[in-house]
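# Close look at the chain arrangement
Letter by letter, the chains look like this.
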Amino acid sequence: MADKNHQTGATEQENLSQLLQIRRDKLKELQESGNDPFTITRFVADHDSANIKENFDALEGKDVTVAGRLMSKRGMGKVSFCDLQDKSGRIQLYARKDEMDETEYNRFKKYDIGDIVGVHGVVFRTQRGEMSVRVVRVTLLSKSLLPLPEKFHGLTSTELRYRQRYVDLIVNPEVKRNFVLRSRFIKHVRDFMDARGFMEVETPVLNTISGGATARPFVTHHNTLDIDMYMRIATELPLKRLIVGGMDRVYEIGRIFRNEGMDPKHNPEFTTIELYQAYADFNDMMDLFEDLLSSAAQKILGTYQLQWQGEDIDLTPGWPRMPMHEAVKQYCGLDFMAISSDEEAVAAAKSIGVELPETADKTWGNALYECFDQRVEEKLIQPTFITMHPVDVSPLAKRSPKDPRLTERFELFICHSEMGNAFSELNDPIDQRQRFQKQVELRDKGDDEAGMMDEDFLTALEYGMPPTGGLGIGIDRCVMLLTGSDSIREVILFPTMKPLD
């Protein structure tokens, strides 16, 4: 069996090599006859496939110019049919030898599937009723030297689709929808923020200190300064410096880099929007987030009702808001508000099979958080704001005036996925220094996701930062929701992939 498979593979490789050579021979013939497609620098098309179909009655009998890729060929005697694919879809080309220059028609017959052409022709409907373009002149604009995947099977290998997104988009045109919706969502976000008086800004991607989140950074080296630098894991600290400086409403949409695991919800390189509003708190951020995401669904999809990961999701505004300790009590039966000691809290967590990470301190707050993370998060399907996170896991959030163990923080969960994270921002420089110091101690113990001491940020806080609400939203997760995609790689054009040997 192994020999048979080897022989089959060798035959397929030989056939492919012959196809590649045939295409190169065709290119050489074109070049030698003075018809080198790669010398053409410009071609102006005045219509596309969708425009012709949508306005067929008005365009029937009219001259049009279109351009795109040949996706199929039929006939090829004195009459040829081809499907042309452009940015908006496909349209049939109809070419007759007696209606074209004979030499040009004969060249056209030799064109391959995958070749890019420009076509001058007349809009008409075939006897079978298909809207088409009757070819008058055709120009080869680019020669495809590699054959496209077999037309009936397409590019079906998921890994190959991500590695060769350019081929994926050619042979699986429905894939483009995700990225059209992504673009529309990002535009909606900008319009939404701008309409509320927020200013878009840009902050550094390279930093001398890794901060603003709990995550492992990518490290690079700056040759001129001869120092290691960190690719940003968040935009939080630079943006809050701008709040200190009097820019009361700011946001940034940008790439974030975290040197962590990869799975259907995580890519090392991803996109967020972080926004900060002076004189606001986390309740204002909940209102803003709910309005932003629900209005995006209504504007882009025309409905609040979505399907994601096999669940029916309802984005109708009015999402529940639940403190973390209440969620743990509801789903796990543990009342952490009735527990006062760290030892009792850790024991309670262990009683339901929840173990704290080795690098985490054995505290009440960490026990509460791990119970939520390991036992509750997976149960949250409909949009739910989980509020009042423990201070142990919220080094940049303001303490609750009602319970100093908790912070004014929330995360939004939809279909057991975190969609965003927000605080009433900590603006007490003394408390912030103590929290940074706690992160430094965790880092010294081996937690490479813990934060670093940021003296300049502390200096900024000492000048005074007004009460501020801050919110970070995962753009990729939101697009996954709106497109119904189960993997983050379906909404990132070029996801991170391990190189092939």
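These figures come from a predicted structure and were not determined experimentally. (Residues numbered from 1 in each chain as written. Predicted model: local features only at pLDDT ≥ 70, side-chain atom pairs only at ≥ 80, totals over all residues. Heavy atoms only, no water.)

### Thoughts on the sheet that holds strand E7 (residues 206-207)
Taking strand neighbours across the sheet as the criterion, the 3 strands line up as E7-E9-E8 in an open arrangement whose pairing is antiparallel. If you trace the sheet from one side to the other, it starts and ends with E7 and strand E8 (219-222), each paired once. Note that E8 and strand E9 (residues 227-231) share 4 bridges and pair antiparallel. Bridge assignment links His222 to a residue of E9, and that residue is Ile227. (Pairing = 2+ DSSP bridges. Helix = DSSP H or I, 4+ residues; strand = E, 2+ residues; numbered from the N terminus.)

### Considerations on the environment of Pro404
Mapped onto the secondary structure, Pro404 falls in the loop between strand E15 (384-387) and strand E16 (409-414). Take Pro404: its relative accessible area is 51%, and that puts it in the exposed class. Among residues more than four places away in sequence, those in contact with Pro404 are Val391 and Arg399. (Buried < 20%, exposed > 50% of the residue type's maximum accessible area, 1.4 Å probe, protein only. Contact = heavy atoms within 4.5 Å.)

### Structural notes on the packing of aromatic side chains
The tally for this structure, following the rule as stated, stands at 8 aromatic pairs. Between Phe336 and Trp364, the aromatic rings sit 6.2 Å apart at their centres with planes inclined by 70°, giving edge-to-face as the arrangement. Residue Phe336 is located in the loop between helix H10 (324-332) and helix H11 (342-351), and its partner Trp364 is located in helix H12 (residues 364-376); the two are separated by 28 residues in the primary sequence. Pair check on accessibility: Phe336 and Trp364 agree, each one buried. Through a chain of ring-to-ring contacts, the aromatic side chains of Phe81, Tyr94 and Phe124 assemble into a single cluster. The positively charged end of Arg134 is found above the aromatic ring belonging to Phe124, 4.2 Å away from the centroid. Stacked on the ring of Phe192, the Lys or Arg Arg196 has its end atom at 3.5 Å from the ring centre. (Phe/Tyr/Trp six-rings, centres within 6.5 Å; stacked < 30°, edge-to-face > 60°. Lys NZ or Arg CZ within 6 Å of the ring centre and 35° of its normal.)

### Focus: the packing of helix H8 (residues 236-244) against helix H14 (residues 455-463)
Where H8 contacts H14, the two axes come as close as 9 Å, and the packing angle between them is 25°. The angle between H8 and H14 falls in the class roughly parallel. Crossing angle aside, the handedness with which H8 passes H14 is left-handed. Of the residues in H14, those in contact with Leu237, Lys240, Arg241 and Val244 of H8 are Asp456, Phe457, Ala460 and Tyr463. Class assignment for the residues of the contact of H8 with H14 results in 5 nonpolar, no polar and 3 charged. (Axes fitted to C-alpha atoms, helices over the stretch in contact; angles between N-to-C directions. Parallel < 35°, antiparallel > 145°, perpendicular 65-115°, else oblique. Left-handed = near helix turned anticlockwise from the far one by under 90°. Nonpolar A, V, L, I, M, F, W, Y, C, P; charged D, E, K, R; others polar.)

### As for H12
Helix length check: H12 (13 residues) gives 17 Å between terminal C-alpha atoms against 18 Å at 1.5 Å per residue, within 8%. Those residues of H12 that sit buried are Trp364, Gly365, Asn366, Ala367, Leu368, Glu370, Cys371, Phe372 and Val376. On its buried face, H12 is in contact with H10, H11, E15 and E16. (Expected span 1.5 Å × (residues − 1).)

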